Amino acid sequence: RPFKRTTNRRQLLSMGIIKSGKVVVLLNGRYAGRKAVVVKSYEEGTTDRKFSHAIVAGIDRYPRKITKSMTEKKVAKRSLMKPFIKHVNFTHMMPTRYQCDFEDKKEGSLKKIVDEAVKSKQSFTDKQVRSAVRKMFAEKYAGQATAKLSEKKATGLTYFYSKLRF
């Protein structure tokens, strides 16, 4: 029998699949089964985290289903979501085929929010940081129908905001 070469998971992830904007599903820990977007990836690791990891921003509590007959107040309440920001090891995330773009010209970007938090040594669980991420997620969610995005990015957003059924 000829030798069959297999690539393991670590090699696959180090090939540069996990880049900024990629939607991933977290596999381990408190947020297992939750979807997140890669904000920044460190393939070589850093001085304090010597393993390949990424900073991800995801949704802990997803927005609920909305119908036409609902009032504006009810729609607003059902559209609320709970975000999280976290350092995650590459082995604890599964990349999907979807991409999300959270770069806004006027408001700033997800990357900018996270970079400011890192520079000022703020915790990712800090109220200001999480509220900024929540605001950005809510704006993108509300403007989904009217936004002029490429079809690929639009499907990525709809996938990101839907709860994973398993």
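Given the structure is predicted, the values throughout are model-derived calculations rather than measurements.

> Can you explain the nonpolar core? Please cite residues and give values.
Among the nonpolar cores identified, the biggest contains 27 residues, and I85, F102, L110, F137, F160 and Y161 are the most heavily contacted of them. Of all the secondary structure elements, the ones that give two or more residues to this core are β1 (22–26), β2 (35–42), β3 (53–61), α3 (110–119), α4 (127–142) and α5 (151–161). Sorting elements by how many residues they give to this core places α4 first, with five residues. If near-sequence neighbours (up to four positions away) are discounted, L110 is found in contact with V39, A57, F102, V133, M136 and F137.

> With reference to specific residues and values, describe the pairing of β1.
Burial analysis of β1 places five of its five residues in the buried class, the great majority of the element. Here β1 shows two buried faces, one formed by K22, V24 and L26 and the other by V23 and V25. Sheet topology places β1 next to strand β5 (residues 93–99); four bridges connect them, and they run antiparallel. Within β5, the residue paired with K22 across the bridge is Q99. Two strands pair when backbone bridges link them, and β1 and β2 are joined in this way by three bridges, in the antiparallel orientation. By the bridge assignment, V25 is partnered in β2 with K35.

> Tell me about the sheet that holds β5, residues and numbers included.
Spatially, the five strands line up as an open sheet ordered β4-β3-β2-β1-β5, and their pairing is antiparallel. For this open sheet the edge positions go to β4 (82–89) and β5, each flanked by a neighbour on one side alone. If you compare each strand with its neighbour and ignore which way they point, the axes differ by 35° on average. Where β3 lies against β4, eight bridges are found, and the strand directions are antiparallel. When the sheet's bridge partners are listed, V56 is paired in β4 with K86. Running over the sheet, α3 touches β2, β3 and β4 and is turned about 60° from β2. Of the strands in this sheet, β3 and β4 touch α4, which is tilted by about 110° from β4.

> Residues and numbers for a positive patch on the surface, please.
A contiguous patch of positive charge, built from R64, K73, K74 and K77, is present on the exposed surface. Within the fold, K74 resides in helix α2 (residues 72–78). Assessed through its relative accessible area of 44%, K74 is described here as partly exposed.

What counts, and where the lines are drawn
As a convention, each chain's residues are numbered from 1 in the sequence order in which they are written. Given that the model is predicted, a residue must reach a pLDDT of at least 70 before its local features are reported, and side-chain atom pairs must reach 80 or more before they are shown or counted; all residues, however, enter totals for whole chains, interfaces and linings. In computing side-chain values, all of the structure's heavy atoms are included and hydrogens and water are not. To define a nonpolar core, start from buried Ala, Val, Leu, Ile, Met, Phe, Trp, Tyr and Cys residues and group those joined through side-chain atoms within 4.5 Å. The buried label applies to any residue whose accessible area, calculated with a 1.4 Å probe on protein chains only, is under 20% of its type's maximum; exposed applies above 50%, and partly exposed to all values in between. Segments assigned H or I by DSSP are reported as helices when at least four residues long, segments assigned E as strands when at least two residues long, and all are numbered from the N terminus. Any two residues whose heavy atoms approach within 4.5 Å at even a single point are treated as in contact. DSSP bridges decide pairing: two strands pair if at least two such bridges lie between them. Whenever a helix is involved, its axis is fitted only over the stretch in contact; in every case the axis is a line through C-alpha atoms, and angles between N-to-C directions fall within 0 to 180 degrees. Only residues whose relative accessible area exceeds 30% and that take part in no salt bridge are eligible for patches, with like-charged residues grouped when within 9 Å of each other and nonpolar side chains (Val, Leu, Ile, Met, Phe, Trp, Tyr) grouped when within 5 Å. Accessible surface area values rest on a Shrake-Rupley calculation with a 1.4 Å probe, where residue burial reflects the displayed protein chains alone. Any carboxyl oxygen of Asp or Glu within 4 Å of a side-chain nitrogen of Lys or Arg constitutes a salt bridge here. We score Asp and Glu as negative and Lys and Arg as positive, and we do not count His or the chain ends. To locate a charge, take NZ of a lysine, CZ of an arginine, CG of an aspartate or CD of a glutamate.

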